[in-house]
Each structure stands twice: as C-alpha cells, then as structure tokens.
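Inside the fold
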Amino acid sequence: MISTGDEIIYRSTVLGFGQIHDCNSVMLAAAVVACGADVTMCVSVADSVDEFRAVLATACAGADVVITSGGIDAGRDGVVDTALRAEDMGFVDVAMWPDRPEGAGRMLGTAVLSFPGNPLAAYESFELFARPNFRLGMGLSAEERRQVSVPLAHGVDPRPGHPSFHLAHLNTNGTVTLLTGVERHGLESAAGADCFVRLDDTSASLAAGHLVAAVALR
C-alpha cells in the first residue's frame, strides 16, 4: 500500500498545518486482509516522482500486487501518473461517482492498481475492481457476499450522468439508509456501514420505499 501526497502523514499522532492522517492505507489494508491476503508494506510518499518510483520498486520486489492511492489527478499531472506514464500502465476515467480516474498495469513484473486519493473513491475502487480479482487469484469465488433488494428509508436525489455507489446501513425495519452522498463524503460513514448500495444512472428523484440493491459488507 502506497499513499501519495505531501499532506499525508502515516503513523504519527501529531499533525502539522495542512497535514492529514493516512487513512487510505489503513482502510485498504483492512480490506485486503478481509480478502484473506497479506499486507507486506504500508507507506506514505510525498509528491516526489523520484521518491515514489524508489518506494514502488521496493514494494514490487516483495509483493504480488501494489495498490497506490492519490496522485492520479484528472489533469494527469499527479505524481503517480507522471511516474508511470512511460511504464506498462493505463489510466482511464470511469463513469461512476465518486467519479475519478483509475489506473492498472504492471511495474517490474508486479501488478499495480492505482486508486484515487479520495477515501470513499479508493474504497469503492477496491470493492469494484480489486476484491473480486484478489479472490479469484487465491482460488476463491469472485463474490461470496449476500445481495438483497431493500427499500430506501428516505428520498434520494441521485447524481445524473453515471451510477453512484454509497456506504449504507440496513435498518431493523428492513429499510436501508445511505450514509454517503454529495454532502456526506467522509470516511466517518464507514463506521456505521454494513452494506454497499449502487444507484443506477437516473435523473429522477428516488422516493422513500424505492427498491435498491444492497451488498452486505459483513
């Protein structure tokens, strides 16, 4: 796991001005372990192409898969896509919300997945693109989680133009409450989440009671 950004601080209880804790490495490491895989390295790297490439080379030497987060800005001037542009990597824009670019390819013979720096987007990327392949690579079924159709506990105004993905909570009355959205995009939502909800592309508002697909996270 490699998080990028001058503002990212890993394993420190004291933050300076403009600094934030490296939540992505911790979150993604937990997701990897939940798949049954082992995490060999968690590190944060400043926005330095040379430093990133050096750390990536070390990571590739001791892992089957390296996951990076951050540094793949829409303007394609982030540290990750700058460092890997000439390598066997591809970067594409995926039509989903949180809507960010994604990267995948190989570096020094090792698979590399590059996720956005936004924590919810990084988690969403892992669930959609990494987890099924991790399981297949370990000889397991791509997906074992239970999927159910449940009614919304409240009305929702989806973002038009592409599907959106949300952390959510299954209520005791059989409804589901979305914990993330346009005004709710922090990882604090993950603490109360027990399912993952996809809302298909629509410009219409969804009323309370509308049936949505929910995938149980635990």
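So, here's what we can say about the structure. Remember, it's a predicted structure, so these values are computed and weren't measured experimentally.

**Focus on empty space enclosed by the protein**
The gaps left among the atoms become clear once a water-sized probe is rolled over them. Under the definition given, this model contains one cavity of 30 Å³ or more. Approximately 60 Å³ is the volume found for the largest cavity. Around the largest cavity, the lining residues are Trp97, Pro98, Leu120, Tyr123, Glu124, Phe165, His166, Leu167, Thr180 and Phe196. Broken down by secondary-structure element, the contributors of at least two residues to the lining of the largest cavity are α4 (119-137) and β10 (164-170). Here the lining of the largest cavity is built from residues that sort into seven nonpolar, two polar and one charged.

**Considerations on unusual backbone geometry**
In the Ramachandran plot, Leu108 falls in the positive-phi region, its phi being about 55° despite a non-glycine side chain. Within the fold, Leu108 resides in the loop between β7 (101-107) and β8 (110-115).

**A word on the sheet that holds strand β9 (residues 147-151)**
Strand order in the open sheet made by the five strands is β9-β13-β12-β10-β11, with antiparallel pairing throughout. Looking at the sheet topology across the chains shown, the edges are occupied by β9 and β11 (176-178). Averaged over neighbouring strand pairs, the angle between their axes works out to 40° when direction is ignored. Bridging between β10 and strand β12 (residues 195-199) involves five bridges; their strand directions are antiparallel. Each bridged residue has a counterpart across the sheet, and for Ala168 the counterpart in β12 is Cys195.

**Notes on the side chain of Thr175**
Inspection of the secondary structure puts Thr175 in the loop between β10 and β11. On the basis of relative accessibility, which here comes to 14%, the residue Thr175 falls in the buried class. With near-sequence residues (within four places) excluded, Thr175 lies in contact with Pro151, Leu152, Ala153, His169 and Leu170.

**Remarks on the sheet that holds strand β1 (residues 2-4)**
Across the sheet, six strands lie side by side as β4-β1-β5-β8-β7-β6; this open sheet has mixed pairing. Every other strand in the sheet has two partners, leaving β4 (43-45) and β6 (88-93) as the edge strands with one partner each. Neighbour-to-neighbour, the strand axes of this sheet turn through a mean angle of 20°, independent of strand direction. Direction of pairing for β6 relative to β7: antiparallel, over a ladder of six bridges. Residue Val92 lies in a different strand from β7, and its bridge partner there is Glu102. Most of the contacts of helix α1 (residues 23-35) go to strand β5 (residues 65-69), to which it runs at about 145°, and overall it touches β1, β4, β5 and β8. Along the sheet, helix α2 (residues 49-61) makes contact with β1, β4, β5, β7 and β8, crossing β1 at roughly 170°.

Definitions and limits used
- Residues numbered from 1 in each chain as written.
- Predicted model: local features only at pLDDT ≥ 70, side-chain atom pairs only at ≥ 80, totals over all residues.
- Heavy atoms only, no water.
- 1 Å grid on protein atoms, 1.4 Å probe; cavity = no way out; pocket = protein on both sides within 12 Å on 5 of 7 lines; lining within 4 Å.
- Points joined across faces, edges and corners; volume = space filled by probe spheres on them.
- Helix = DSSP H or I, 4+ residues; strand = E, 2+ residues; numbered from the N terminus.
- Nonpolar A, V, L, I, M, F, W, Y, C, P; charged D, E, K, R; others polar.
- Pairing = 2+ DSSP bridges.
- Axes fitted to C-alpha atoms, helices over the stretch in contact; angles between N-to-C directions.
- Buried < 20%, exposed > 50% of the residue type's maximum accessible area, 1.4 Å probe, protein only.
- Contact = heavy atoms within 4.5 Å.

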